[in-house]
Structure formats: structure tokens, C-alpha cells
Amino acid sequence: MAPPTSSDQSGSARLAPHHDPDQSSDQSGPARLAPSHDPDQSVTPILTGTPRRQARRVASRSRTSRAENRTGWLFAAPTAILLLLLFVAPIVVVVVMAGSRWTLLGGAQGNNFPDNFTRLFDDPLLKQSIWFTVKYTALTTVILMPVALGLALLVQEARQWNNLLRTAILVPSALGIASASLLFYALYSPQVGPITHILEALGGPGGQSSVLGSPSGALWGTVILVVWRFAGFYMLLNMVGLQAIPNEVYEAAKLDGPGRWKTLTSITLPLLRPTIAMTMILSITGSLLAFDQFYILTKGGPNNSTMTVVQLIYRDAFETHKDLGMAAALSVLLLLALVVINTLQLRALRVGADEE
Amino acid sequence: MKASVASRSVYYTLTTVMAVVFVLPLVWAAVSSVSPSPGTAQKHGFGLNNYETLFSYGYGLPRYLMNSLIISIGATILTLLLAATGGYAFARFRFRGKNVMFVLVLSIMMIPYATLLIPLLVWMKDLSLQNSLFGVVLVLTLFQIPFGIFMMRTSFTAVPRDLESAALIDGCNAFQAFRRVMIPAVRPGLITVGLFAYLAAWNDFMVSLYLLSMNNAPLPLALVNMRQQTMGVIDYGSTTAGVVVLTIPAVILFLALQRHYIRGFTSGAVKG
């Protein structure tokens, strides 16, 4: 293998040991994928001139690109290894598990397809949890999107006061959903938290009954927590989108003298569509996978009324059935549903972008 | 903005209320954790009794904090390493299987870990990473890969190729050019990726819930467990104290790096 000349675009390929006397070791690299009947493998660097190199590049796979391939792989290899080991392999494992009898304590006990799936569909909780997850996702997204956009519009101008405001709104984003949930768990508690007393003063039930004690209270309590935690993050994404709208557009519109509302609906919102679509996808995908907040705040209660699909996976695996096969089957269903939903969303996003 | 005094004061009142709404719960947690309340360790007067209870719970607060730190720092370092090398590979090289790998990275965003924790639980045993902090580091790193790689690819693409060429002419090899020239050029991107990785790992609950036992529990898992331990009676005092301990480092880091973070964000990656 001759060293690339320094004028070479991918001169960075010099990471490869270029004075490698052992040709066979070269064969074991990724470059081996390309047939290497290289006539001038032993030729000294001086003889491999640039014109000749270019001629060979046209011919097909040049040595340059093989060297580039090798260097590229050296940089990509750590990520590729992790992907294979902890992403591709578990996907295979989950499919195998979904078709097997596989209990928490007993381990793998052979193929039983499609038992896990039939048992899953026999459980009325499945339908209930899917319905609840969808309801929660819709509610969260419908509230979070306008709140985040409103906040972004309010604080987008670079002023001292706005910087302060922006920071205040962003602070909850530093918390984990788990710690935010623990915090709101305390806030909602009748013993130490102020919320019950405030609601009582406003004519609510009060007493020792927690906000989280009723199905609707549990749902709304969680939605409020999530909006509080995520509003800043989505505001930031909206601000990025707003900044991308060129000032000239607004200047031009000013000539017509539209009101603020008109400017918002006929200029800002249409131009912000890609951002809105992206934040919506993030919110929908995130909410469909809700777990921490419900695990901590409601435990899926009261009466399983706030059981999400991801919580059901956990429950099947560790609490009720202690059946990893069933949990894996539900994981596979959720995985497929998410791939379909995300693909549809991304396609919609792309179509939307093309229309611009 | 030519706004009247009235509309300006409405604006300031409104925005002040908003700022308070977002910050107040955190202030409440801090105050409540040192305030007297029946059913907590802090029975009379203000003091740190709740923190003392928290300190000696289970394997002890230092142990849980150490677990949290190991997981967070480990995941940050590994994420930075992979995002930088992988992002560079995607930005500058053509290599076989690049497209397959790109699709795989994209699929991580589509197939979130919530669906893979059941197989990971089993698979980790096969890898001898059962109840292992390093195993959790690997999983958390994997799910930072899409954001990390795309962010770094965008950052590397923005660096002019002349910079590398110059380094290579000066006698650097590809790896030296990468480390000495490219890495310093993409610092804002790295800070953003690192901050996200750190916060995600520090705040993780679900991955450690599935993969770790209590002796290796990070702080969030320990806190949730602590709350549930005493049958029926919940110690809200040490729970809020725990939330404060968990929140302070995250918020400090977040505020300290806010400028970088917003800059990193606005300079691409998310622009879509």
C-alpha cells in the first residue's frame, strides 16, 4: 500500500500504517472487501503520480477510496461495535423472547409462539392502557405545543429581562422526569404539599384526599407536571425555528401594516411549520413512551386508570405475570407501532417541507 | 417596541408570574426540605434532619451519589468519544456500509429503549454485565448516539477542509489531525453533546430500574425506592431533600453551560 500524496483529498488516510511490508495483513482489513489485484502495490510512492491516480479513480474503486474506506472504518468502528452489541442484538433477542415461554424466574423454556401474543390480547388491560396512552399523548401535545410557542414568542427578543425569563423557564428542563415526578408527588401530597390546600380554598375536595386519588386528578396532575418540565425545552426548539425566519419577511409584510395577530397567523406560523412538526413528533413519541412519571406519581392507579403501555410491559415482567416472554411480545408490538408511527410522521414532515 | 405604559406593565406582570410558576416548585422543595413538618424527621424548627435521614438510608447517600457519578461521567466520556469519532467518519469519509450504519443510527431514534429493556435484561447476563454500572453506561451511551452523531457530523461538516489539509501537510497523520485540529474546532458541539449525555445519565431512572440492584442504584432509583419502603407511610421530608440533592448539580451545570448549550443548539443539528 503506497502512502497517499499530500495533495490527495483523503490524505487523512495516512492513519493507516502505510509502510506496511506485510501485504497479507492488508488483506485482513476492511479494504479486503474490494478485490485487490493491485499492480503497483510494491511501487515506490514517487512513481504513483497524481494523473495516474486520477485515471485509476475513474476506472472504478481506486486505492484512495480503499484507504479512505479503511480510515473511515477506524473512526466509525467504536460506534458500529456498540450498535451491534447493544442495539441489533437486543432486537434479535426480543423477537426470540416474544416467541418463547420465558419466565422471570425460570428463564427460557422453548418456543411457544403465538401463546405470548394471545395471552396479551386476552388481558383487558392492554386495550385500556393503549387507549389511556393515546389520550395522554393527545392531551400533553395539545397543551404543550401552544404553550411552548407562546413562551418562545414572548421571550424571543434579546433583552436582559427576557434572558432572565428564558432561564427561569428552562430551569425545570435540567431535572430528570423521575426527580420532577418525586417533587410533584410531594407537592400534591395532602401532608406536606400546598396544592391540596390551594384546591380546598378554591372549593375542591381537600381534606386528606390527594389530587392523585381520582382518575382525572391523576391524569391532569401528571399532564401539569410534564408541561412544567418540558415547556422550556420545546420553547427553545421554537426559538431556534423563529430565528431561522429572515427579518426581511417581516419588514416586507410591515408595508401592508397587518396587525400582530395577522402577522402571527399568516407569516410566522406557516414559516414555522417544519419546527412545529418536529416538536410535535418529539412530543408524540415521547408521550407514547411515558413511564417514569406514572410509575412514580400514580403507579398506574387509581384502579389501573393511568396505566400506560410501557408500564404494562414492566408490570407483566415483574409484578403480575412475572413473564418476560409476554413482556417481550408487548415490546415487539410497541416497537412495530412506533416504527410505523415515526415513519408516517417523518413522511408527513418531509411532504410538508417540500411544499414550502 | 413602542408600547404604551399600560401594555408594558401588563407584559411585565404576566411574564413575572410565568417565571415564578416555573421556579417556585424548586424553591418550595428547598424550603420544605428544611422546614418542620409532622411525619418527617424534621419535627420542630428548621434544620437538616431530613438530610440526615437521607444520608443514612440503605447503602448510604455517598454510595448512591457515587453510583450516579460513575454512571454520568462514564456515559459522558463514552458518548463524547463515540459521537466525535462517529460524527467525523460520517462527515468526512466514504466507507462501505456507511448507509446501513446511518439507517441504524436513525432507527435508534425510532426504537427507543423502553422497548428494548426486556431483552437487554436477558442479554446483559450473556455479556456478563448483569447489575453492572458499566452495562448501564453502555445502554445510556447508545441512546445518546443519534443526537451525538448528528450534532457532531453537522459540526465537523462546518469546519473547512483546508484546516485538515494544512495539518496533514505539516506532517500530522489522520488521527493527529483529528485530535489536534478538528476536535478544538468543534468544541461548542462537543459541550452540547456532553451536557446532554451527562444530564440524561444523571437523571436516568428507567434503565437503572431494569438493570441494577439496590447496591448499584444511582440516586433517582434509590429515592423512589426509599419512598416506597416504609409500608404506607411515606417520608416526604427525605424525599424532598433527595430531590434537592439530585437537582442542585444538574441545575448548576445547566446554568453554567447555558450559553454554550443554546449556541450549540442554534448552530444547526436541530434546524431540520
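Residues numbered from 1 in each chain as written. Chains lettered and ligands numbered in written order. Predicted model: local features only at pLDDT ≥ 70, side-chain atom pairs only at ≥ 80, totals over all residues. Heavy atoms only, no water.

As a reminder, the rule being used: UniProt positions are given in the numbering used here, feature names are shortened, and annotations may be inferred rather than shown by experiment.
The name an unreviewed UniProt entry gives chain B is ABC transporter permease, with Rugosimonospora africana as the organism. Taken verbatim from the UniProt record of chain B, the Sequence similarities (unreviewed entry) comment is "Belongs to the binding-protein-dependent transport system permease family."

**Quick look at the overall build of chain A**
Rules: A helix here means a DSSP run of H or I that spans at least four residues, while a strand means a run of E at least two residues long, and both kinds are numbered starting from the N terminus. Throughout this description, buried means an accessible area under 20% of the type-specific maximum (1.4 Å probe, protein chains only), exposed means over 50%, and partly exposed covers the range between. Two residues qualify as a contact provided that any one of their heavy atoms is within 4.5 Å of a heavy atom in the partner residue.
Secondary structure summary: chain A contains 15 helices and two strands in total. Counting across all 356 residues of chain A, residues that qualify as buried make up 52%. Counting only contacts in chain A whose residues sit at least 6 apart along the sequence, the fraction spanning at least 24 positions is 68%.

**Overview of the pairing of strand S2 (residues 107–111) of chain A**
Residue and element names in this part refer to chain A. Filter applied, for reference: A pair of strands is treated as paired once DSSP finds two or more bridges between them.
As judged from the three bridges shared by strand S1 (residues 100–103) and S2, these two strands associate in the antiparallel manner. Note that in S2 the partner of Ser-100 across the bridge is Asn-111. The hairpin formed by S1 and S2 contains three residues between the paired strands.

**Looking at the interface of chain B and chain A**
Definition in use: Reported buried area values correspond to the accessible surface (1.4 Å probe) lost by two parts on association, with both partners' losses combined. Here, a salt bridge means any side-chain nitrogen of Lys or Arg that lies within 4 Å of a carboxyl oxygen of Asp or Glu. By the criterion applied in these results, polar contacts are pairs of N or O atoms within 3.5 Å in which, for protein atoms, one can donate a hydrogen and the other can accept it, and in which residues neighboring in sequence qualify only through two side-chain atoms. Only Asp, Glu, Lys and Arg are considered charged in this grouping, and only Ala, Val, Leu, Ile, Met, Phe, Trp, Tyr, Cys and Pro are considered nonpolar; every other residue, Gly among them, is considered polar.
The interface of chain B with chain A comprises 88 residues on the first partner and 94 residues on the second. Taken together, both faces of the contact between chain B and chain A bury some 8,400 Å²; the carbon and sulfur share is 78%. The largest contributions to the chain B side of the interface with chain A come from Phe-22, Arg-96 and Tyr-236 of chain B, which together make up 10% of the buried area. Across the contact surface, chain B and chain A share one salt bridge. Its salt-bridge partner being Arg-94 of chain B, residue Glu-68 of chain A comes within 3.0 Å of it at the nearest N-O pair. Applying the counting criterion to the chain B and chain A interface returns 14 residue pairs in polar contact (both at pLDDT 80 or more). If you tally residues by element for the side of chain B that touches chain A, the top one is helix H1 (residues 5–34) of chain B, at 13 residues. Its residues assigned to classes, the side of chain B that touches chain A shows 66 nonpolar, 16 polar and six charged.

**Focus: the UniProt feature "transmembrane region" (unreviewed entry) in chain B**
Residue and element names in this part refer to chain B. When the UniProt feature table is mapped to this numbering, "transmembrane region" (unreviewed entry) covers residues 12–31, 64–90, 102–121, 133–152, 189–213 and 233–257. Helix makes up 100% of residues 12–31 and strand makes up 0%, while its end C-alpha atoms are separated by 26 Å. For residues 64–90, the end-to-end C-alpha separation is 38 Å, with 100% helix and 0% strand making up the annotated structure.

**Quick word on the packing of aromatic side chains**
For clarity, the threshold we go by: Stacked, edge-to-face and tilted labels apply to pairs of Phe, Tyr and Trp rings (six-membered ring for Trp) whose centres lie within 6.5 Å, assigned for plane angles under 30 degrees, over 60, and everything in between, in that order.
Within the structure shown, the criterion is met by 34 aromatic pairs over all chains. When the ring of Phe-75 of chain A is compared with that of Tyr-88 of chain B, the centres are 4.8 Å apart and the planes differ by 85°; the resulting orientation is edge-to-face. Of this pair, Phe-75 of chain A sits in helix H3 (residues 63–98) while Tyr-88 of chain B is found in helix H3 (residues 61–92), placing the two residues in two different chains. In this pair, the class of Phe-75 of chain A matches that of Tyr-88 of chain B, namely buried.

**Some remarks on the nonpolar core**
To keep things clear, this is the line we draw: Residues belong to a common nonpolar core when they are buried Ala, Val, Leu, Ile, Met, Phe, Trp, Tyr or Cys residues joined through side-chain atoms within 4.5 Å.
If you look at the biggest cluster of nonpolar residues, it comprises 175 residues, and the most contacted ones within it are Leu-86 and Leu-183 of chain A together with Ile-118, Phe-205 and Tyr-210 of chain B. Among all residues touching Leu-183 of chain A, those that are not within four sequence positions of it are Leu-175 and Trp-228 of chain A together with Pro-25, Leu-26, Trp-28, Ala-29 and Val-243 of chain B. Counting five residues, the second-largest nonpolar core is a separate cluster that includes Ala-167, Leu-168, Ala-177 and Val-181 of chain B.

**Let's talk about the pattern of salt bridges**
The final tally for this structure, using the stated rule, is four salt bridges over all chains. Its salt-bridge partner being Lys-299 of chain A, residue Glu-319 of chain A comes within 3.8 Å of it at the nearest N-O pair. Residue Glu-319 of chain A is found in helix H14 (residues 309–319), and its partner Lys-299 of chain A is found in the loop between helix H13 (292–297) and H14; the two are separated by 20 residues along the sequence. Between Glu-164 of chain B and Arg-92 of chain B there is a salt bridge whose closest N-O contact spans 2.6 Å. Within this pair, whereas Glu-164 of chain B is found in helix H8 (residues 161–169), its partner Arg-92 of chain B is found in helix H3, the two being separated by 72 residues in sequence. Classification of Glu-164 of chain B by relative accessible area gives buried; the value is 6%.

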